[in-house]
Every structure is written in C-alpha cells, then in structure tokens.
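Coordinate analysis (summary)
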Amino acid sequence: EPEVTQTPSHQVTQMGQEVILRCVPISNHLYFYWYRQILGQKVEFLVSFYNNEISEKSEIFDDQFSVERPDGSNFTLKIRSTKLEDSAMYFCASSDRETFFGQGTRLTVV
Amino acid sequence: AQSVTQLGSHVSVSEGALVLLRCNYSSSVPPYLFWYVQYPNQGLQLLLKYTTGATLVKGINGFEAEFKKSETSFHLTKPSAHMSDAAEYFCAVSDRRTGNQFYFGTGTSLTVIP
C-alpha cells in the first residue's frame, strides 16, 4: 500500500534554531499538506500546497513557517526560528482522490 | 465552513462492552467524514470513511459508523471492546473539493477496563 514517509520521526532543537521537517508524499499525488498536533490537543491544519504554491494556509502558518517542494519528490516544512510553543507532532499528508497521512515528526523545542 | 464536535473527551468501557464515540459535524456542503485512531506516540491511522453511498460504513478492527444527515452525526461504534482498542480517536470532516483540508475534532480518549 502506498504511504507518506516523514523524517525524522523525532527531532529535538534549541529555541531559536531553524528546523526542516521532511516528507515524501505518494508519488502520483498532487496535493500536499502539513498539520500540527500540540500534545493533548486536536490536529490542526497548517497549510496546503498544489502546483508548486500554497493553496490555503491557516492563521497558525505565520511568517516563521515556509514550505517547499525542492526536488519533485520531497515536501518540506521549515520553521525559521523555533519557539517553545512549536513543540508538537507535525503530520504531512498528500492526496489525489484520497488523503493519506504520514506517521508524523515529533518536534521538541528546548 | 466545516467543524467537528466530539462529545466526551474521555470514554471508559469495560472489555466486551459496546463502544460508542460521538461525532457531530457542521458543513455547508455534503461532507466526507472520517474516523482516525492514534495509539500513543504514533501517527494517524484511518479507521473508516464515508464519502458516498451506503450510510453505514465498516472499518478496520470491527469498527463501524453511520452517517445520519438529519442528525449531522457520524458516531463510531464497536459491539465488543477489546483491550487493544484503548487509544485516541479523532473524527474529521472535509468537503468534497479535491485537495481540501481536513477539520478534526478534539479527540476522544478511549479507556478499556479489564
């Protein structure tokens, strides 16, 4: 069965550092997403990406966040200057007619 | 706009008892509806989904859910709880536009008592 792959599974970073979360979507999918789940809370939409540009973004997705599809296979989420409150599980998803979620990257900002 | 309400952030059932997790949605268009399960420190696993057709949908691990348009509900049930069902359950909705985002409920933590 096709799957969305996220790396790393767990990342620890110091406050103020830049972090890049990586995702390999399913190969024939055209829509890509990032979601965030702060510990104990619901999963929240961050951004969707289609045709090499952002199609929708939430209020959470401010200027410190950016997304990129650098090489036609990877889909990355960059957080420029991490804050303690960025600690969360980050899920990547991709879709064609059906949406598939990755297993998540747990980001811990210390 | 879509939204999801999951009544009961924590549900406890005895092993072998009926599991009922409630989900109500709000949507301005006919929705797609989903239930996901999340085990501790793991990702989201799709349990089942409703898109079109039969309103009673069956998923993995013996779970099923019924789409009731008149009640705007999509409650998740399982006739007999198993210890391995203990997890966090999320209801989600999206509209039918290709590439549209998901809206998740706040989740229900299911505890199974031996």
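Residues numbered from 1 in each chain as written. Chains lettered and ligands numbered in written order. Predicted model: local features only at pLDDT ≥ 70, side-chain atom pairs only at ≥ 80, totals over all residues. Heavy atoms only, no water.

On to the pairing of strand E11 (residues 105–109) of chain A, then. All names here are of chain A. Burial of E11 is one-sided: the residues Thr 105, Leu 107 and Val 109 facing one way are buried, the residues Arg 106 and Thr 108 facing the other way are not. For strand E2 (residues 10–13) and E11, the ladder comprises four bridges, and the chain directions are parallel. Bridge assignment links His 10 to a residue of E11, and that residue is Arg 106. In this sheet, E11 lies alongside strand E9 (residues 88–95) in antiparallel orientation, the contact comprising three bridges. The partner of Tyr 90 across the bridge, within E11, is Thr 105. (Buried < 20%, exposed > 50% of the residue type's maximum accessible area, 1.4 Å probe, protein only. Helix = DSSP H or I, 4+ residues; strand = E, 2+ residues; numbered from the N terminus. Pairing = 2+ DSSP bridges.)

Another aspect to go through is the state of the cysteines. Throughout this description, disulfide means a covalent bond between two cysteine sulfur atoms. Under the counting rule described, the total for this entry stands at two disulfides over all chains. Across the disulfide, Cys 23 of chain A is cross-linked to Cys 92 of chain A (sulfur-sulfur distance 1.9 Å). Taking the sign of the S-S torsion, about -65° here, the bridge from Cys 23 of chain A to Cys 92 of chain A comes out left-handed. Taken together, the residues Cys 23 of chain A in strand E3 (residues 19–24) and Cys 92 of chain A in strand E9 connect sequence positions 69 residues apart. Exposure remark for Cys 92 of chain A: the relative accessible area of 0% places this residue in the buried category. Residue pairing for Cys 23 of chain B: its cysteine sulfur links by disulfide to Cys 91 of chain B, the two sulfurs lying 1.9 Å apart. Note on the Cys 23 of chain B and Cys 91 of chain B pair: the S-S dihedral is about -65°, so by sign convention the disulfide is left-handed. Taken together, the positions of Cys 23 of chain B in the loop between strand E3 (19–21) and strand E4 (24–26) and Cys 91 of chain B in strand E10 (residues 87–94) put the pair 68 residues apart, joining distant regions of the chain. Grouping residues by exposure puts Cys 23 of chain B and Cys 91 of chain B together as buried. (Disulfide = S-S within 2.5 Å.)

Time to look at the sheet that holds strand E1 (residues 5–7) of chain A. Consider a sheet: its strands pair through backbone hydrogen bonds, and that pairing is either parallel or antiparallel. Residues and elements named next belong to chain A. Overall, antiparallel pairing links the four strands, which are arranged E1-E3-E8-E7 in an open sheet. Every interior strand has two partners, whereas the edge strands, E1 and strand E7 (65–68), have only one. Across the sheet, the mean angle separating the axes of adjacent strands is 20° when strand polarity is ignored. Examined bridge by bridge, E7 and strand E8 (residues 75–79) share four bridges and lie antiparallel to one another. Each residue of the ladder has a partner; that of Glu 68, found in E8, is Thr 76. (Axes fitted to C-alpha atoms, helices over the stretch in contact; angles between N-to-C directions.)

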